[in-house]
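Overview (structure and organization)
The residues making up each chain are set out below.
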Amino acid sequence: MNNREINEDCLKKNKNNENDVNASKNLSNASTLYNSSSSFNSFNSNFNPNRFQNSLNSLMLNMLSVQFILNSFTDRDKTIILQSTIMEANNETIEYIVKELKGYYRQIINDKNGNYFMSDLIKVCEPKQKVIILEELSPIISEDCINKYSTHPIQILIERSSSEIEYKYILYSFNDYNKFLVASLNPNGAFTIQKIVERIPNRYRKEFNFIFASFIGFTSKTQFGVVVVKKFISCTKVDSITLQIMNFVRNNFMNLAVDQYANYLIQFLFQEWKNTSEGNEIKELIFNNFKDMHDKKYSSFICEIFIKNITIEEKKNLIKRLDLNYILKSNNKHSLKIMKALGIFNNVNTNFNFPLTLNNTFENNSIDNINRTHKYINFLNNNKNQEQI
């Protein structure tokens, strides 16, 4: 065998050996793939969702340290992820987080991102877990409820309260007269107080009710406060509180009636207490003060509501009490509006440039006053060129 043949024979053997090695590798790979597939099938057949969830929650417990949670609030996206995690967590995880965060709750609710996390945490808490949060926040609820961020989780905490111990912790902070007053004069604080009135039963808020009724003079004169006062009255059917409010209204009636916000309280009481002894007294107060109220901007609103809810006979008595000549001379748009509501004129022209027509609806009412008014109107129409009165 020459050298050439020997070389060709060696190449063939090497090629065969290489093929054997590749085949062996392929076989090994196939075996590995088969074993992996068998293991997966075995895992799939034995998969337990509960065990998987428990493992996930265990991982969350290890991950959700106090520092990790606080650091997440530096970024809104991280906070959103954390909120989603909380909403999916089991009770064991929530229990762990609630206890771990003790001492940090005030810091969290006043954080621009943390307050969202806190709101969601409260939503998934059981009563005993909310009590842990309330133990820390109770002394400062009335102070922090007025703040931009903390008011949201505090209001949710009130909305989700359901036990006597929770009610007591919430109300504790409002036993301070000064803190109550500050909160009631603030928009966020006012709505927080409204949540308390709506959520907590009367039997738990006796002292709260007394303090609230004491401050009605202040709260009813603010834009948001008067809304809360109306809610308080409608939700607090307690004789002693009704008496306390009635005494205040009786002693400050005109002061309330001419106020831009408190006049809505008088309107509300007139309708809310309708057909009650207090309602009748409110009605009497309006009737007796009608002459002083009808020509003022805010109290005239009360007069309009009053006119819509009284009888024809009562309207007659009102007309007899009013000096219609004086009203026309004063050229007061609020007075003329009330005269129209009473039905004295079909048309009102505050400049008296055109004849005014008497309304026949009251042709038999207060004849003397109407006749005097008619003569005065004729006098004005015959002297159009005179200086405007």
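Residues numbered from 1 in each chain as written. Predicted model: local features only at pLDDT ≥ 70, side-chain atom pairs only at ≥ 80, totals over all residues. Heavy atoms only, no water.

Observations regarding the overall build of the protein chain
- The number of helices and strands found in the protein chain is 25 helices and zero strands.
- In the protein chain, which comprises 389 residues, the share counted as buried stands at 41%.
- Summarising the internal contacts of the protein chain: among those between residues at least 6 apart in sequence, 69% fall at separations of at least 24.
- Of the roughly 21,600 Å² of accessible surface on the protein chain, 49% is carried by carbon and sulfur atoms. (Helix = DSSP H or I, 4+ residues; strand = E, 2+ residues; numbered from the N terminus. Buried < 20%, exposed > 50% of the residue type's maximum accessible area, 1.4 Å probe, protein only. Contact = heavy atoms within 4.5 Å. Areas by Shrake-Rupley, 256 points an atom, 1.4 Å probe, with all protein chains shown as cover.)

Quick look at a nonpolar patch on the surface
- A contiguous nonpolar patch, built from F191, F224 and V227 and spanning about 220 Å² of accessible area, is present on the exposed surface.
- Topologically, V227 is positioned in helix α16 (residues 225–235). (Patch = residues over 30% accessible without salt bridge, like charges linked within 9 Å, V, L, I, M, F, W, Y side chains within 5 Å. Salt bridge = Lys/Arg side-chain N within 4 Å of Asp/Glu carboxyl O.)

As for unusual backbone geometry
- Of note in this structure, N275 is not a glycine but carries a positive phi near 65°.
- You can call N275 exposed: its relative accessible area is 71%.

Quick look at the confidence of the model for the protein chain
- For the protein chain, per-residue confidence averages 78 on the pLDDT scale, and 70% of positions sit at 70 or higher.
- In the model, residues 346–370 has pLDDT below 50 throughout and makes 46 contacts with residues more than four positions away in sequence or in other chains.
- Every residue in residues 383–389 is under pLDDT 50, and counting partners more than four places away or in other chains gives nine contacts. (pLDDT = per-residue confidence, 0-100.)

What about the nonpolar core?
- In terms of nonpolar packing, the biggest core is built from 85 residues, with F117, L121 and I286 touching the most fellow members.
- If near-sequence neighbours (up to four positions away) are discounted, F117 is found in contact with I69, F73, T79, L82, Q83, I86, I97, L101 and I108. (Core = buried A, V, L, I, M, F, W, Y, C linked by side-chain atoms within 4.5 Å.)

A few points about the side chain of N289
- Relative to the helices and strands, N289 resides in helix α20 (residues 277–293).
- One polar contact links the side chain of N289 to the main-chain carbonyl oxygen of L285, over a distance of 2.7 Å.
- Non-local contacts of N289, meaning those with residues more than four positions away in its chain, are made with F253 and M254. (Polar contact = N/O pair within 3.5 Å; in protein donor to acceptor, adjacent residues only side chain to side chain.)

A word on the pattern of salt bridges
- Taken as a whole, this structure holds 15 salt bridges when the rule is applied.
- For D120, the salt bridge identified is with K123, shortest N-O distance 3.8 Å. Here the residue D120 and the residue K123 both occupy positions in helix α7 (residues 114–124), the gap between them amounting to three residues, near one helical turn.
- D120 sits in the buried class, given a relative accessible area of 13%.

Regarding the packing of helix α12 (residues 177–184) against helix α13 (residues 187–199)
- Axis separation between α12 and α13 bottoms out at 6 Å; the angle between their running directions is 110°. It follows from the interaxial angle that α12 and α13 lie roughly perpendicular. Judged by residue contacts, F180, A183 and S184 of α12 engage G189, A190 and I193 from α13.
- Its residues placed into classes, the contact of α12 with α13 shows four nonpolar, two polar and no charged. (Axes fitted to C-alpha atoms, helices over the stretch in contact; angles between N-to-C directions. Parallel < 35°, antiparallel > 145°, perpendicular 65-115°, else oblique. Nonpolar A, V, L, I, M, F, W, Y, C, P; charged D, E, K, R; others polar.)

As for the environment of V197
- If you trace the backbone, V197 turns up in helix α13.
- Along the backbone, V197 and S234 are 37 residues apart, and their C-alpha atoms lie at a distance of 9.6 Å.
- In contact with V197, not counting residues within four places along its chain, are R205, F208, K231, F232 and C235.

So, helix α4 (residues 76–88)
- Between its first and last C-alpha, α4 extends 19 Å over 13 residues, near the 18 Å set by a 1.5 Å rise per residue.
- Residues T79, L82, Q83, T85 and I86 constitute the buried set of α4. Along the long axis of α4, the arc covered by the buried residues comes to 160°, so they all point the same way. Exposed and oriented more than 90 degrees from the buried face of α4 are D77, I81 and E88. (Expected span 1.5 Å × (residues − 1). Arc of directions from axis to C-beta.)

With respect to the packing of α7 against helix α10 (residues 151–159)
- Relative orientation of the contacting elements α7 and α10 amounts to 10°, with a least axis distance of 8 Å. Taken together, the axes of α7 and α10 are roughly parallel relative to one another. Touching N115, M118, S119, I122 and K123 of α7 are H152, P153, I156 and L157, all from α10.

Comments concerning the packing of aromatic side chains
- In total, this model carries 15 aromatic pairs according to the counting rule given.
- Here F174 and F180 contribute two aromatic rings whose centre-to-centre distance is 6.1 Å and whose plane-to-plane angle is 80°, an arrangement assigned as edge-to-face. The residues F174 and F180 share a single accessibility class, namely buried.
- A network of ring pairs unites the aromatic residues F174, Y177, F180, F208, F212, F215, F218 and F232 as a single cluster.
- Here the guanidinium or amino end of R76 rests over the ring plane of Y116, the centre of that ring lying 4.4 Å away. (Phe/Tyr/Trp six-rings, centres within 6.5 Å; stacked < 30°, edge-to-face > 60°. Lys NZ or Arg CZ within 6 Å of the ring centre and 35° of its normal.)

Side note on the environment of H294
- Position of H294 among the secondary structure elements: in the loop between α20 and α21 (299–308).
- Measuring from C-alpha to C-alpha, the distance between H294 and I338 comes to 6.5 Å, with 44 residues separating the pair along the chain.
- Of the polar contacts made by the side chain of H294, one reaches the backbone oxygen of K291; its length is 2.8 Å.

A closer look at α7
- With respect to burial, α7 is a largely interior element, eight of its eleven residues being buried.
- The set of residues buried in α7 consists of G114, N115, F117, M118, S119, D120, L121 and I122.
- Turning to α7, the residues buried within the fold contact α3 (66–72), α4, α5 (91–100), α6 (105–109), α8 (127–137) and α10.

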